[in-house]
Structures are given as structure tokens and as C-alpha cells.
Amino acid sequence: MSHPPFSPIQARAARLRIGLTPEQVVTAMAQLGVRRPVEAVMAWESGAVAPSETELFALADALWCPVPELMALRPRSLREHRLARQFTAERLAQRIGMDARDYARAEEDHHWRGTDRQTLLLADALGLEPEELLRVIVRAGELDRLLRQAVEGRWKQHTAALGRLVGAPERRVAQALRTLHQEYAHFNERYMGHLVARSDHARLREIATERAGWLHALPDRFLHLVGHDTRPSP
């Protein structure tokens, strides 16, 4: 599991707002069962490293601020809503009666496969209104589908639909899709180049694996490019 979104600036601002020293933050986190050295807090605030999910939850409690403030975003994806409610993936899966591996796959693939009951329990656990729940679930699968079509074909024809889906200006969406289309084309060029050169199968498998990983992270990469890691409105 990758590190959650995190804003060093917001973390330091939250600490200064309540007048705590890094040493006091460490003490507060230890009382919550998460023991870390002072150097860890300093590293988070400097941006050298990002906290894990467990560390993020404890830090938010220690600083008396909501998790989304430290992530510096308005939750949109399933994972971001889960983090905002301070659930680990395993605990949320248990609460909604879903296998932990299936839930983790739903976040990673951006595709919800839960039953009606699991979906209702998910909405209750994350505090999602019906319309918001629909956006989170439908948006996940639809976003992945449209993005794959865009990078594999004519990206321009998907600009408007993706703009509506994520609520971003078409200009930024177009710039992001152009970049992603070029990155995908580069994978294909490398693969074909090694194929023509009759490179060994290990090298071809390596490139194919890289491309698979890139496609796996495509929705997150797209949202980053269009600027959806922005701060929530006050």
C-alpha cells in the first residue's frame, strides 16, 4: 500500500496552531499507541518522507485536526474517503463484511464489486450521502475505463466526458491526456523496439510489467496531473 496523500505545510501549520513542539507531538502519538522518534515528525514536516496510514491517523489525533486537512484535499476516491474516516482497509472491510483482499482490490483497481448490502454498509461507515456514494462508486470504474480508452486510442474525444466525470476544466484534462497518451506510446515504442531487435524475453517481460504497473496507477496519475490534490474549500 502506498503512502497516503500528505501535506507537510498543513501538518506544520496544524502543530503551530495549537502550540505543540515536535517532542510534544511524539508524546501525544505515543499515548495513542504509535511510538515514533522526534526525527520522524521533523521528516514529515520537511517533506522528506510521508507518514503511513497508521501514522497519519495518530498525527491527526495528536494535532486535533481532521485527516483531510493533513492530506490537503477534499476526499473523492474510495481510499480518500476511507482515510478521512480513519479506517484501515482491513477494519473497513471487516465492518462491511467484505474479504479484505477484495476490498483492497476495489481501491487499487478503482472498481467497486460489493453487494448491495456491502454498499449500504460502506455508505454508513464512510458517512456518504446517496449521491456522493454514487459518484465514488460509479466514478471509480468509469474513470479507469475512459482513461484506458483515451491512452490506447484517440484521447481528444474523451476530454469532455472525463472533464465532467472529475469536475475539471477541459483544458487541464486535455493537457493531462496528452501527457498520458505520450507516456503510453513510449511504452509501446520501447516494447516494439526490443521486439524488432530480438531482445531476450526477460527484457520484454520487464517492459510489459512496467506498462502494467503504469496502467494500474493510471487514475491516480491522471488526477494528479489535473490538479485534484488541492486543498478543500474552507
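The coordinates are above.
First, a word on what this report is: a plain description of the structure on this page. Bear in mind that the values here come from a model prediction, so they are computed numbers and not experimental data. (Residues numbered from 1 in each chain as written. Predicted model: local features only at pLDDT ≥ 70, side-chain atom pairs only at ≥ 80, totals over all residues. Heavy atoms only, no water.)

**Considerations on the side chain of Thr119**
- With respect to the helices and strands, the residue Thr119 is situated in helix α9 (residues 116-126).
- At 2.9 Å, the side chain of Thr119 and the side chain of Trp112 are in polar contact.
- With residues up to four places along the chain from it excluded, the contact list for Thr119 reads Trp112, Gly114, Leu133 and Ile137. (Helix = DSSP H or I, 4+ residues; strand = E, 2+ residues; numbered from the N terminus. Polar contact = N/O pair within 3.5 Å; in protein donor to acceptor, adjacent residues only side chain to side chain. Contact = heavy atoms within 4.5 Å.)

**What about empty space enclosed by the protein?**
- Taken as a whole, this structure holds two cavities of 30 Å³ or more when the rule is applied.
- The space that makes up the second largest cavity amounts to roughly 30 Å³.
- Phe6, Ala11, Val41, Trp44, Glu45, Leu59 and Leu63 are the residues that line the second largest cavity.
- When the residues that make up the lining of the second largest cavity are grouped by side-chain class, the tally is six nonpolar, no polar and one charged. (1 Å grid on protein atoms, 1.4 Å probe; cavity = no way out; pocket = protein on both sides within 12 Å on 5 of 7 lines; lining within 4 Å. Points joined across faces, edges and corners; volume = space filled by probe spheres on them. Nonpolar A, V, L, I, M, F, W, Y, C, P; charged D, E, K, R; others polar.)

**Observations concerning α9**
- All buried positions along α9 are accounted for by Gln118, Thr119, Leu122, Ala123, Ala125 and Leu126. Around the axis of α9, the buried residues are gathered within 165° of arc, so they sit on the same side. What points out from α9, more than 90 degrees from its buried face, is the exposed set Asp116, Arg117, Leu120 and Asp124.
- Among the residues trailing α9, Gly127 stands out with phi positive, at a value near 65°. (Buried < 20%, exposed > 50% of the residue type's maximum accessible area, 1.4 Å probe, protein only. Arc of directions from axis to C-beta.)

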